[in-house]
Amino acid sequence: MGGPEIEQLIGQFARLPGLGPRSARRAVLRLLQQPEARLAPLIRALEAAAKTTRVCGLCGNLDSVDPCSLCRDPRRETGLICVVETVADLWALERAGVHRGRYHVLGGVLSALAGTTPETLNLTPLLSRLSGGEVREIVLALPVTVDGATTAHFLSERLREFGVVITQLSQGVPMGGSLETLDEGTLAAALRTRRAV
Amino acid sequence: MARLTRLQLISFRNFALADWEIAQAPVVVHGRNGAGKTSLLEAISLLVPGRGLRGARLSELARRAGGQASEGWGISGWFDAPGRSFTVSTGIRPDAPRQRCFLIDNEPAAKQTEIADLLSCVWLTPQMEGLFLEPASGRRRFLDRLVATLEPGFARLLASHGQLLAERVRLLRLGMAEPAWLAALEDQLARKSVAIAAMRLDYSLTLNAALAALPAPFPRAHLRLACPLAERLAQAPALSVEAGLREALSAGRAHDRETGTTNAGVNQADIDLLDTEHDRGAAQASTGERKALLVSVMLGQASVLRRHRAAAPLLLLDEPMTHLDAARREALAETLLAYDGQAFLTGTDQDQFRGLGGRCGMIALAG
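Residues numbered from 1 in each chain as written. Chains lettered and ligands numbered in written order. Predicted model: local features only at pLDDT ≥ 70, side-chain atom pairs only at ≥ 80, totals over all residues. Heavy atoms only, no water.

S.K.: Lay out the overall build of chain A with the relevant residues and their values.
M.R.: In terms of regular secondary structure, chain A is built from eight helices and six strands. Rg of the C-alpha trace for chain A: 21 Å, well past the compact-globule value of 16 Å for 197 residues, more than 25% over. By principal-axis analysis of the C-alpha atoms, chain A measures approximately 60 × 45 × 35 Å. Residues counted as buried form 35% of the 197 residues belonging to chain A. Of the contacts formed within chain A by residues at least 6 apart in sequence, a portion of 48% connects residues at least 24 apart. Just so you have it, chain A exposes about 12100 Å², and 57% of that area is on carbon and sulfur atoms. (Helix = DSSP H or I, 4+ residues; strand = E, 2+ residues; numbered from the N terminus. Rg over C-alpha atoms; globule rule 2.2 N^0.38 Å. Buried < 20%, exposed > 50% of the residue type's maximum accessible area, 1.4 Å probe, protein only. Contact = heavy atoms within 4.5 Å. Areas by Shrake-Rupley, 256 points an atom, 1.4 Å probe, with all protein chains shown as cover.)

S.K.: Go over the pattern of salt bridges with me, naming the residues and quoting the values.
M.R.: Residues and elements named next belong to chain B. One pass over the structure, following the stated rule, counts 23 salt bridges over all chains. Here Glu42 ties to Arg54 by a salt bridge, and the two come within 2.8 Å at their closest N and O atoms. Of the two residues, Glu42 is situated in helix 1 (residues 37-46) and Arg54 in the loop between helix 1 and strand 4 (64-65); the sequence distance between them amounts to 12 residues. Take Glu42: its relative accessible area is 0%, and that puts it in the buried class. Among the salt bridges present, the one from Glu129 reaches Lys291, with a minimum N-O distance of 2.8 Å. Of this pair, Glu129 sits in the loop between strand 10 (121-124) and helix 3 (136-150) while Lys291 sits in helix 9 (residues 287-309), and the two are 162 residues apart along the sequence. (Salt bridge = Lys/Arg side-chain N within 4 Å of Asp/Glu carboxyl O.)

S.K.: Could you give an account of the interface of chain B and chain A, with specific residues and numbers?
M.R.: Accessible area lost upon the coming together of the parts serves often as the stated size of an interface. Chain B puts 19 residues into the contact, and the matching count from chain A is 21 residues. Buried surface at the junction of chain B and chain A, both sides included, amounts to about 1700 Å², of which 62% is carbon and sulfur. The three residues of chain B that bury the most area against chain A are B:Glu167, B:Glu178 and B:Trp181, which together make up 30% of that side's buried surface. Put simply, chain B and chain A have one salt bridge between them. In this structure, A:Arg158 and B:Glu178 form a salt bridge, with 3.2 Å as the shortest nitrogen-oxygen distance. In this structure, the connection of chain B to chain A is made through seven residue pairs in polar contact (both at pLDDT 80 or more). Those elements that provide at least two residues to the side of chain B that touches chain A are helix 4 (154-174) and helix 5 (179-212) of chain B. Among the elements that make up the side of chain B that touches chain A, the one with the highest residue count is helix 4 of chain B (eight residues). In the side of chain B that touches chain A, the residues fall into 10 nonpolar, three polar and six charged. (Buried area = accessible area lost by both parts, 1.4 Å probe. Polar contact = N/O pair within 3.5 Å; in protein donor to acceptor, adjacent residues only side chain to side chain. Nonpolar A, V, L, I, M, F, W, Y, C, P; charged D, E, K, R; others polar.)

If you want it as structure tokens, here you go:
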């Protein structure tokens, strides 16, 4: 349909999460039809992001400064670290605005089948932060999967020597959710972790 | 109980378009070899979530003509149940070839469990007759499929357990055996193994109670679960069995590295079907006796499901009369005539079904 340059652009878009070939084609078409209003600002934003984005050396977040703005924020509790798998998980928690401590991004979860080992995880900076002695609690906010549970167990063993409290997110009934539509595993977890009211 | 009143197949297996009205039960499907008798039963089994009675992949189900597979296929069943009528459809749309969809009354089902709430199936196929002469893994799969019909979370539990086994063996083989990582896998393996053993044990007790109540002349079948973990569960609290398994896994690392398998846990379990009257296992039984034992188990499973769901499942029996003697054919015919659910039977020869005395529906497949 379009020339090779356009097809290449569509191909690049289609590799992004959440976009398939059709939606990539629609997005590219919109950009090309409005070059001044859409394409040029996108190019400028991409260039700026590529030039300035850094991985935070403390927590693994993405930001234009290192350490990131969350690690620099003096209002955040330094004694509380929430450990997440990905930057996307960190941003999701930040959107909720419920965690007032610091973060740590592991960059994956342990999986022998996928080749993710303790060495490939972003662990060393976390161990350094714990050696400082300021941290009193680690919250494990990892996915509820076999690999997420393995990683949580592994970390709880590995971090035990630091004498910090290790907690993990509870599992159960989602806000606004009705019991009848929940799967049995979630219902069982919710019942297991019930609390007095 | 849901009764199938009409079945329609589009581009499924060897059927381009087929439509049957089903007025009477039981239903005998007969025709020569390759006419599509098993495919018809498979179509009914696919109306319930799962891979159906052949365990086929999605890509194998589309009709092939001139070397080309059809781009989509569909199965629709019309059901009458007390207080309501409904249709269930499943298939592949040409625009989404990798995703099987389910419809209830022509609306997409929000969850597959919605269909499982409406319908259940029990099936017997000739392939099952070889189960007791083959490796134990096939028998475990057979048992687990039965357990999963009663325990909704069981299939997911088995899948996680399988993943943990694969992860542990890979870690051991690659020598990436950081102790805390292995301990994390073994902790989860122990908890999931004990949960699986407990569910298998519960199921075997339930099934054996149902088998003991089956009428003669079906053999007095008894499912024997050979699983050290389940035996320990009968004598000790689950937490202590879990702790014991964790220790065994930890102690067995060197051996498991050598063998490339995990040598403790529910993956070592096996089952046998005993004919209690003759005190003989299925592997030692004759072909006909083994078939009769399997028929007993399927009737027992139907009885368990009927009690559990307060509705009798659809019984899909592929070549059930083959290898049975005249007395057992007669008894099976009587049992199916009295069955309060709906049974579908296949056979090449109508004479096999004489015991039904014409009190059945007939579907003749010409191929």
